[in-house]
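A structural walkthrough
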Amino acid sequence: MNTIEIKEHLSSKKLYCTLFGHKIITTRNITSHFKEYRCTVCALELTNDEKGNKTYLTPELKEINDSLKSFCRKKHLQHI
């Protein structure tokens with residue numbers, strides 16, 4: 001695939017999501033309130049923010065989610 005075909009392929013996915021909306025699936029449960037999501041069409045990654053709204057998954061938020069999951073796992077193991 002050359003660069004023109006790759007650009008056309010990516011732009012068609014973005015166009016599909018723009019017209020019809022994203023097809024979001026849950027990819028990872030952090031806690032019962034925080035999750036990570038991904039669009040099956042354009043591979044957009046999302047997560048919950050502190051208010052419960054979906055926001056773009058940045059490297060910083062990914063690191064925060066990893067820390068939160070680790071903390072909750074350790075806390076849960078202490079109660080067992």
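That block above? That's the structure.
All of the points below concern the structure found in this document. (Residues numbered from 1 in each chain as written. Predicted model: local features only at pLDDT ≥ 70, side-chain atom pairs only at ≥ 80, totals over all residues. Heavy atoms only, no water.)

Okay, the environment of I24 next. Residue placement: I24 occurs in strand β1 (residues 24-29). With a relative accessible area of 34%, I24 lands in the partly exposed category. With 16 residues separating them in the primary sequence, I24 and T40 have C-alpha atoms 6.4 Å apart. (Helix = DSSP H or I, 4+ residues; strand = E, 2+ residues; numbered from the N terminus. Buried < 20%, exposed > 50% of the residue type's maximum accessible area, 1.4 Å probe, protein only.)

Under the defined criterion, the tally for this structure stands at three salt bridges. Measuring nitrogen to oxygen at the nearest pair gives 3.2 Å for the salt bridge that ties E36 to R28. You can call R28 partly exposed: its relative accessible area is 24%. Shared partners join several salt bridges into a network, and the residues in it are R28, E36, K62 and D66. (Salt bridge = Lys/Arg side-chain N within 4 Å of Asp/Glu carboxyl O.)

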